[in-house]
Amino acid sequence: IIIIIIDLLPLWDVKDLSRTSKSVREACMPSLFRCVEIPFSTDGFNKLESLINTDARYYIVSFTYVVPELLKPKILDFSCFKYDLLTPDSYMETAKEIYDGGNRANDYPSYIVIYETLHDICEEQRNIVDNGVDLSVLSSTFGALPRLTEVGLSFCEVIEDDSSLSPFTAGMTTAEDSYGYHLRVVSDAIQSSRNRGAAINTVSLSGFNLPYYHEWEVPELSTLLESLGKLLQSVRVIRLSDSSFPLEVLSRCALDIHQLDMCYIVVKRNALEDFLETNKISLRSIGFHDVTITESSRLVSPSRLSSDMLCKMMKIPQSSSCQAALCGCLPFRKEGWRILLNSDDHPQRSET
């Protein structure tokens, strides 16, 4: 009975329940450790190494790796920082804009505080990257989790817990290089674990969006695309949350996937149509919620993706009935749709 109760509880209630007794905690273990999240940091890797030496590793099914943009190494040189990245004049201009916007002078950090904070972060990042700590720990971790089937990357800004620093960090990271690096590391770690028998068949990407480019700018993305393609090869399920970039750049790539889940993304109609057309032979299931479709013409307003619209895109018959499905996207559960495709490409809808 207690197992049934635990399965119906949200995770925060399971955590509270697990503290009541040793026997109850044992019953809560599968729910507590089914999904784990570890950040790209020295503390994160230390906790991960400790975790895989406990019985908790037998319950981990989904692993999410939170990865920040990487700071430019020349931040470690104060002269480069002062003259190339954030000049005192630039600092004063930004501080004045913040002050003119109605904020108080003590709402933004001093120049030296900014430098010391970024220096410490950059130093930690370089120690991890230069010594291959991330690849080593992830490779050994994935191979040590017998039930692991899903690996996710959650991309974030270099500093998320202190918004006062954000206005001063423009130009100190390169999103494309950061994304490409993390994709290669995770891809290599997955491949290494597969060579030892791991059965990772699902990849999820969250927050994977490139900076805005003007129409006349042509960013160099060949290395990034190669890293993304390598990561997604040999997977059967792709989950995208706030990440339209993969669909748009891989719209004409056949990935041999069985399931595509889309959550809270804005995607161009032609990109989604091309992706579905290219992968329609292998696709068996499509789940979605909060998906906005934009048109090539700016005169046409964006629209919310519906099951009927998706059927039209795939050129398959529309069903007369639709059932709302619960999305498993964490940390919230939202109403959405799931279309199951049979061998005749006729959609069937069911709860997930």
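Residues numbered from 1 in each chain as written. Predicted model: local features only at pLDDT ≥ 70, side-chain atom pairs only at ≥ 80, totals over all residues. Heavy atoms only, no water.

Quick notes on the nonpolar core
Phase 1: Ranked by internal contacts, the top residues of the largest apolar core, which has 79 residues, are L205, L260, M262 and L305.
Phase 2: By size, the runner-up hydrophobic cluster in this structure holds 19 residues, among which are L86, Y115, V158 and M172. (Core = buried A, V, L, I, M, F, W, Y, C linked by side-chain atoms within 4.5 Å. Buried < 20%, exposed > 50% of the residue type's maximum accessible area, 1.4 Å probe, protein only.)

Section: the pattern of salt bridges
Phase 1: Tallied over the entire structure, the rule returns 13 salt bridges.
Phase 2: A network of salt bridges, in which partner residues are shared, links E150, R239, D261 and R338. (Salt bridge = Lys/Arg side-chain N within 4 Å of Asp/Glu carboxyl O.)

Structural notes on unusual backbone geometry
Phase 1: If you check the backbone angles, D290 has positive phi at about 55° while not being a glycine.
Phase 2: Looking at where D290 falls in the secondary structure, it is placed in strand β7 (residues 285–294).
Phase 3: Positive phi, close to 60°, is recorded for K315, a residue that is not glycine.
Phase 4: Take K315: it is sitting in the loop between α13 (307–314) and β9 (325–326). (Helix = DSSP H or I, 4+ residues; strand = E, 2+ residues; numbered from the N terminus.)

Looking at the packing of helix α5 (residues 78–85) against helix α7 (residues 111–130)
Phase 1: Closest axis-to-axis distance for the α5/α7 pair is 11 Å, and the angle between their directions is 120°. On the basis of their axis angle, the class for α5 and α7 is oblique. Along this stretch, α5 crosses α7, giving a crossing that reads as right-handed. Residues F78, F81 and K82 of α5 lie in contact with α7, whose contacting residues are Y111, I114, Y115 and L118.
Phase 2: Considered class by class, the residues forming the contact of α5 with α7 number 6 nonpolar, no polar and 1 charged. (Axes fitted to C-alpha atoms, helices over the stretch in contact; angles between N-to-C directions. Parallel < 35°, antiparallel > 145°, perpendicular 65-115°, else oblique. Left-handed = near helix turned anticlockwise from the far one by under 90°. Contact = heavy atoms within 4.5 Å. Nonpolar A, V, L, I, M, F, W, Y, C, P; charged D, E, K, R; others polar.)

Examining a negative patch on the surface
Phase 1: Together, D43, E116, D120, E123 and E124 make up a negatively charged patch on the protein surface.
Phase 2: For the negative patch, the element with the most residues is α7, which contributes 4 residues.
Phase 3: On the basis of relative accessible area, E123 is assigned to the partly exposed category, the value being 45%. (Patch = residues over 30% accessible without salt bridge, like charges linked within 9 Å, V, L, I, M, F, W, Y side chains within 5 Å. Areas by Shrake-Rupley, 256 points an atom, 1.4 Å probe, with all protein chains shown as cover. Lys, Arg positive; Asp, Glu negative; His and termini not counted. Charge placed at Lys NZ, Arg CZ, Asp CG, Glu CD.)

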